[in-house]
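Chain by chain, the residues run as shown.
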Amino acid sequence: MRALRNINFGTKIVAIVITVFVFTIAITLVLAGNQINRQAMLGITQQAAGVSAVAEEIRDSVSTLWEDGIVDQESLFAEAQKAMQGVTNNAERLRIAGNLKMYEAIPIVASWQSIEKNAGELGFEFKVISTTPRNPRNLAEGREAEVLEMMSQQGLTSYHEIDKDLNAVRFVRLINVQEGCLLCHGNGETDVLGFEME
(Lines give C-alpha, C1' and ligand atoms only; values in the text may rest on other atoms or scores of the structure.)
Protein backbone atom coordinates (compact mmCIF):
# COMPACT_ATOMS: atom_id res chain seq x y z
CA MET A 1 0.00 0.00 0.00
CA ARG A 2 2.86 2.32 0.86
CA ALA A 3 4.42 1.61 -2.56
CA LEU A 4 1.28 2.96 -4.27
CA ARG A 5 1.53 6.20 -2.28
CA ASN A 6 5.09 6.71 -3.51
CA ILE A 7 4.02 6.53 -7.20
CA ASN A 8 3.32 9.97 -8.59
CA PHE A 9 -0.19 10.91 -9.72
CA GLY A 10 0.65 10.94 -13.45
CA THR A 11 1.99 7.37 -13.32
CA LYS A 12 -1.17 6.23 -11.53
CA ILE A 13 -3.33 7.77 -14.27
CA VAL A 14 -1.24 6.11 -17.00
CA ALA A 15 -1.53 2.75 -15.18
CA ILE A 16 -5.32 3.11 -14.90
CA VAL A 17 -5.66 4.04 -18.59
CA ILE A 18 -3.48 1.09 -19.66
CA THR A 19 -5.49 -1.29 -17.44
CA VAL A 20 -8.81 -0.05 -18.88
CA PHE A 21 -7.35 -0.26 -22.41
CA VAL A 22 -6.13 -3.87 -21.94
CA PHE A 23 -9.45 -4.87 -20.34
CA THR A 24 -11.41 -3.29 -23.23
CA ILE A 25 -9.27 -5.06 -25.83
CA ALA A 26 -9.70 -8.40 -24.01
CA ILE A 27 -13.50 -8.03 -23.96
CA THR A 28 -13.52 -6.92 -27.60
CA LEU A 29 -11.45 -9.97 -28.62
CA VAL A 30 -13.78 -12.33 -26.73
CA LEU A 31 -16.88 -10.76 -28.30
CA ALA A 32 -15.30 -10.79 -31.76
CA GLY A 33 -14.31 -14.45 -31.33
CA ASN A 34 -17.87 -15.34 -30.38
CA GLN A 35 -19.19 -13.45 -33.42
CA ILE A 36 -16.70 -15.20 -35.69
CA ASN A 37 -17.79 -18.60 -34.29
CA ARG A 38 -21.47 -17.72 -34.87
CA GLN A 39 -20.73 -16.62 -38.43
CA ALA A 40 -18.71 -19.78 -39.09
CA MET A 41 -21.55 -21.94 -37.77
CA LEU A 42 -24.05 -20.07 -39.91
CA GLY A 43 -21.85 -20.52 -42.98
CA ILE A 44 -21.35 -24.23 -42.36
CA THR A 45 -25.06 -24.72 -41.68
CA GLN A 46 -26.01 -22.87 -44.87
CA GLN A 47 -23.53 -24.94 -46.86
CA ALA A 48 -24.93 -28.17 -45.37
CA ALA A 49 -28.49 -27.01 -46.12
CA GLY A 50 -27.43 -26.30 -49.71
CA VAL A 51 -25.87 -29.73 -50.08
CA SER A 52 -29.00 -31.41 -48.72
CA ALA A 53 -31.18 -29.32 -51.06
CA VAL A 54 -29.09 -30.53 -54.01
CA ALA A 55 -29.47 -34.10 -52.73
CA GLU A 56 -33.24 -33.69 -52.65
CA GLU A 57 -33.17 -32.34 -56.20
CA ILE A 58 -31.16 -35.38 -57.33
CA ARG A 59 -33.65 -37.67 -55.60
CA ASP A 60 -36.58 -35.87 -57.23
CA SER A 61 -34.96 -35.97 -60.69
CA VAL A 62 -34.22 -39.69 -60.51
CA SER A 63 -37.72 -40.29 -59.11
CA THR A 64 -39.17 -38.47 -62.13
CA LEU A 65 -37.28 -40.87 -64.42
CA TRP A 66 -39.05 -43.75 -62.67
CA GLU A 67 -42.46 -42.07 -62.73
CA ASP A 68 -42.15 -41.20 -66.41
CA GLY A 69 -41.28 -44.79 -67.29
CA ILE A 70 -37.80 -43.89 -68.55
CA VAL A 71 -36.31 -46.40 -66.12
CA ASP A 72 -37.12 -49.99 -67.17
CA GLN A 73 -38.92 -50.88 -63.95
CA GLU A 74 -40.09 -54.31 -65.11
CA SER A 75 -36.59 -55.46 -65.92
CA LEU A 76 -35.14 -54.06 -62.66
CA PHE A 77 -37.94 -55.52 -60.53
CA ALA A 78 -37.60 -58.90 -62.27
CA GLU A 79 -33.82 -58.88 -61.59
CA ALA A 80 -34.48 -58.00 -57.92
CA GLN A 81 -37.16 -60.63 -57.42
CA LYS A 82 -35.01 -63.32 -59.03
CA ALA A 83 -31.99 -62.36 -56.88
CA MET A 84 -34.09 -62.34 -53.69
CA GLN A 85 -35.81 -65.71 -54.21
CA GLY A 86 -35.45 -67.76 -51.07
CA VAL A 87 -33.56 -65.03 -49.18
CA THR A 88 -35.03 -64.55 -45.71
CA ASN A 89 -32.16 -62.82 -43.91
CA ASN A 90 -32.12 -58.99 -44.10
CA ALA A 91 -28.31 -58.83 -43.93
CA GLU A 92 -28.11 -61.08 -46.99
CA ARG A 93 -30.85 -59.03 -48.66
CA LEU A 94 -28.76 -55.86 -48.13
CA ARG A 95 -25.64 -57.50 -49.52
CA ILE A 96 -27.46 -58.71 -52.64
CA ALA A 97 -29.35 -55.42 -53.11
CA GLY A 98 -26.08 -53.46 -53.25
CA ASN A 99 -25.00 -55.50 -56.29
CA LEU A 100 -28.22 -55.10 -58.28
CA LYS A 101 -28.52 -52.72 -61.24
CA MET A 102 -31.63 -51.42 -59.54
CA TYR A 103 -29.78 -50.26 -56.42
CA GLU A 104 -28.03 -47.23 -57.89
CA ALA A 105 -31.21 -46.30 -59.77
CA ILE A 106 -33.16 -45.95 -56.51
CA PRO A 107 -33.78 -42.19 -56.15
CA ILE A 108 -32.68 -41.83 -52.53
CA VAL A 109 -29.63 -44.06 -53.09
CA ALA A 110 -28.55 -41.96 -56.09
CA SER A 111 -28.99 -38.91 -53.88
CA TRP A 112 -26.94 -40.07 -50.91
CA GLN A 113 -24.22 -41.61 -53.09
CA SER A 114 -23.77 -38.26 -54.78
CA ILE A 115 -23.41 -36.55 -51.40
CA GLU A 116 -21.04 -39.23 -50.07
CA LYS A 117 -18.75 -38.75 -53.10
CA ASN A 118 -18.51 -35.00 -52.56
CA ALA A 119 -18.87 -34.56 -48.80
CA GLY A 120 -15.19 -35.07 -48.05
CA GLU A 121 -14.15 -32.37 -50.51
CA LEU A 122 -16.43 -29.95 -48.66
CA GLY A 123 -15.15 -31.01 -45.24
CA PHE A 124 -18.36 -32.81 -44.29
CA GLU A 125 -19.02 -36.26 -42.94
CA PHE A 126 -22.28 -37.56 -44.38
CA LYS A 127 -24.41 -40.20 -42.67
CA VAL A 128 -27.84 -41.65 -43.28
CA ILE A 129 -29.47 -42.19 -39.87
CA SER A 130 -32.78 -43.65 -38.77
CA THR A 131 -34.37 -44.98 -35.64
CA THR A 132 -35.65 -47.95 -37.70
CA PRO A 133 -33.08 -48.54 -40.45
CA ARG A 134 -32.90 -51.47 -42.84
CA ASN A 135 -29.14 -51.27 -42.73
CA PRO A 136 -27.81 -51.57 -39.16
CA ARG A 137 -24.96 -49.15 -39.92
CA ASN A 138 -27.60 -46.40 -40.27
CA LEU A 139 -28.99 -46.85 -36.75
CA ALA A 140 -29.13 -43.51 -34.95
CA GLU A 141 -27.55 -43.87 -31.53
CA GLY A 142 -26.68 -41.50 -28.72
CA ARG A 143 -27.00 -37.85 -29.64
CA GLU A 144 -28.21 -38.70 -33.16
CA ALA A 145 -31.19 -40.62 -31.74
CA GLU A 146 -31.90 -37.79 -29.28
CA VAL A 147 -31.89 -35.23 -32.11
CA LEU A 148 -34.27 -37.32 -34.25
CA GLU A 149 -36.64 -37.75 -31.30
CA MET A 150 -36.53 -34.02 -30.52
CA MET A 151 -37.16 -33.14 -34.18
CA SER A 152 -40.12 -35.51 -34.24
CA GLN A 153 -41.61 -34.06 -31.07
CA GLN A 154 -41.13 -30.46 -32.20
CA GLY A 155 -42.12 -31.03 -35.83
CA LEU A 156 -38.76 -29.77 -37.14
CA THR A 157 -37.58 -30.60 -40.66
CA SER A 158 -33.97 -29.60 -39.98
CA TYR A 159 -31.79 -28.94 -36.97
CA HIS A 160 -28.22 -27.84 -36.28
CA GLU A 161 -26.01 -27.57 -33.23
CA ILE A 162 -22.38 -27.29 -32.27
CA ASP A 163 -20.99 -30.56 -30.93
CA LYS A 164 -18.16 -29.37 -28.71
CA ASP A 165 -16.92 -32.93 -28.10
CA LEU A 166 -16.43 -33.48 -31.84
CA ASN A 167 -15.53 -29.84 -32.53
CA ALA A 168 -18.08 -29.92 -35.32
CA VAL A 169 -21.44 -28.61 -36.44
CA ARG A 170 -24.12 -31.29 -36.59
CA PHE A 171 -26.75 -30.65 -39.29
CA VAL A 172 -29.72 -33.00 -39.57
CA ARG A 173 -32.42 -32.78 -42.23
CA LEU A 174 -35.36 -35.12 -42.58
CA ILE A 175 -35.99 -36.98 -45.82
CA ASN A 176 -39.64 -36.85 -46.74
CA VAL A 177 -41.28 -39.77 -48.48
CA GLN A 178 -42.22 -38.77 -52.02
CA GLU A 179 -44.83 -40.34 -54.24
CA GLY A 180 -42.06 -41.92 -56.31
CA CYS A 181 -40.92 -43.84 -53.21
CA LEU A 182 -44.20 -45.74 -53.30
CA LEU A 183 -43.26 -47.45 -56.57
CA CYS A 184 -41.09 -49.82 -54.54
CA HIS A 185 -42.43 -49.15 -51.05
CA GLY A 186 -46.09 -49.01 -51.97
CA ASN A 187 -48.79 -51.39 -50.90
CA GLY A 188 -48.28 -54.70 -49.20
CA GLU A 189 -46.30 -56.12 -46.34
CA THR A 190 -42.93 -56.22 -48.12
CA ASP A 191 -41.24 -54.08 -50.74
CA VAL A 192 -39.78 -55.24 -54.04
CA LEU A 193 -36.58 -56.48 -52.30
CA GLY A 194 -38.51 -58.40 -49.65
CA PHE A 195 -37.94 -56.00 -46.76
CA GLU A 196 -40.83 -55.52 -44.37
CA MET A 197 -42.53 -52.18 -44.90
CA GLU A 198 -41.62 -49.48 -42.43
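Everything in this summary refers to the structure shown in the same document. For clarity, every value in this text was computed on a predicted model and none was experimentally measured. Every chain's residues receive numbers from 1 upward, in the order its sequence appears when written. Totals for whole chains, interfaces and linings use every residue, but because this is a predicted model, local features are given only for residues with pLDDT of at least 70 and side-chain atom pairs only at 80 or more, for both listing and counting. Only hydrogens and water are set aside; all other atoms, that is, all heavy atoms of the structure, feed into the side-chain values.

Some details on the overall build of the protein chain
The test is simple: Helix numbering and strand numbering both begin at the N terminus, where a helix is a DSSP run of H or I of at least 4 residues and a strand a DSSP run of E of at least 2. Our radius of gyration looks at C-alpha atoms and nothing else; its globule reference is 2.2 Å times the residue count to the power 0.38. Think of it in three bands: residues with accessible area under 20% of the maximum for their type are buried, residues over 50% are exposed, and the middle band is partly exposed, with areas taken using a 1.4 Å probe on protein chains only. Surface exposure here means Shrake-Rupley accessible area, sampled with a 1.4 Å probe, where a residue is shielded only by the protein chains that are shown.
Per the secondary structure count, the protein chain includes eight helices and two strands. Secondary structure elements in the protein chain, listed N-terminal to C-terminal, are α-α-α-α-α-α-α-β-β-α. Relative to the compact-globule value of 16 Å for 198 residues, the protein chain shows a C-alpha radius of gyration of 27 Å, a clear excess of over 25%. Oriented by its inertia axes, the alpha-carbon framework of the protein chain measures out at about 100 × 30 × 30 Å. Of all 198 residues assigned to the protein chain, the portion counted as buried reaches 24%. Roughly 13900 Å² of accessible area belongs to the protein chain as shown, and the carbon and sulfur atoms make up 56% of that amount.

Description of the nonpolar core
Note the cut-off: Residues belong to one nonpolar core when they are buried, are Ala, Val, Leu, Ile, Met, Phe, Trp, Tyr or Cys, and are joined through side-chain atoms within 4.5 Å.
Grouped together as the largest cluster of nonpolar side chains are 21 residues, with contacts concentrated most on W66, M102 and L193. Elements represented by at least two residues in this core include exactly helix 2 (9-67), helix 3 (73-84), helix 4 (90-97), helix 5 (101-105) and helix 6 (107-122). In terms of nonpolar packing, the next biggest core, distinct from the first, is built from seven residues, V147, L148, M150 and V172 among them.

Quick word on unusual backbone geometry
A positive phi angle is found at N167, which is not glycine, with a value near 50°. N167 sits in the exposed class, given a relative accessible area of 73%.

Remarks on helix 6
Side chains three or four residues apart in an α-helix point the same way, a direct result of the helix having 3.6 residues per turn. As a reminder, the rule being used: In a helix, the anticipated span is given by 1.5 Å times the number of residues less one. We define the bend at each residue as the angle formed by axes fitted to the 7 residues ending at it and the 7 residues starting at it. Any two residues having at least one pair of non-hydrogen atoms within 4.5 Å are treated as being in contact.
For helix 6, which comprises 16 residues, the first-to-last C-alpha distance of 23 Å matches the rise-based estimate of 22 Å (1.5 Å per residue) to within 8%. Of all the bends found along helix 6, the most pronounced is centred on E116 and spans about 30°. Buried within helix 6 are the following residues: P107, V109, A110, S111, W112, Q113, I115 and A119. Here the buried face of helix 6 lies against helix 2 and helix 5. Looking one or two places after helix 6, you find G123, whose phi comes out positive at around 85°.

Some details on the environment of A53
Among the secondary structure elements, A53 is positioned in helix 2. A53 sits 120 residues away from R173 along the chain, and the two C-alpha atoms are 9.6 Å apart.

Section: the packing of aromatic side chains
Going by this rule: Centre distance within 6.5 Å is the pairing criterion for rings of Phe, Tyr and Trp, where only the six-membered ring of Trp is used; planes under 30 degrees apart are then read as stacked, over 60 as edge-to-face, and the remainder as tilted.
Taken as a whole and judged by the stated rule, the model has one aromatic pair. A ring pair is formed by W66 and F77, whose centres lie 5.9 Å apart and whose planes are at 35°; its orientation type is tilted. Residue W66 is found in helix 2, and its partner F77 is found in helix 3; the two are separated by eleven residues along the sequence. F77 carries the same exposure label as W66, and that label is buried.

Remarks on a nonpolar patch on the surface
Using the following cut-off: Each patch is built from salt-bridge-free residues with over 30% relative accessible area, joining like charges within 9 Å and nonpolar side chains (Val, Leu, Ile, Met, Phe, Trp, Tyr) within 5 Å. Salt bridges, as used here, are contacts in which a Lys or Arg side-chain nitrogen is within 4 Å of a carboxyl oxygen on Asp or Glu.
Among the surface-exposed residues, V14, I18, F21, V22, I25 and L29 lie close enough to one another that they form a single nonpolar patch of about 580 Å² accessible area. Looking at the secondary structure, you find L29 in helix 2.

Just geometry here; none of it tells us what the structure is for.
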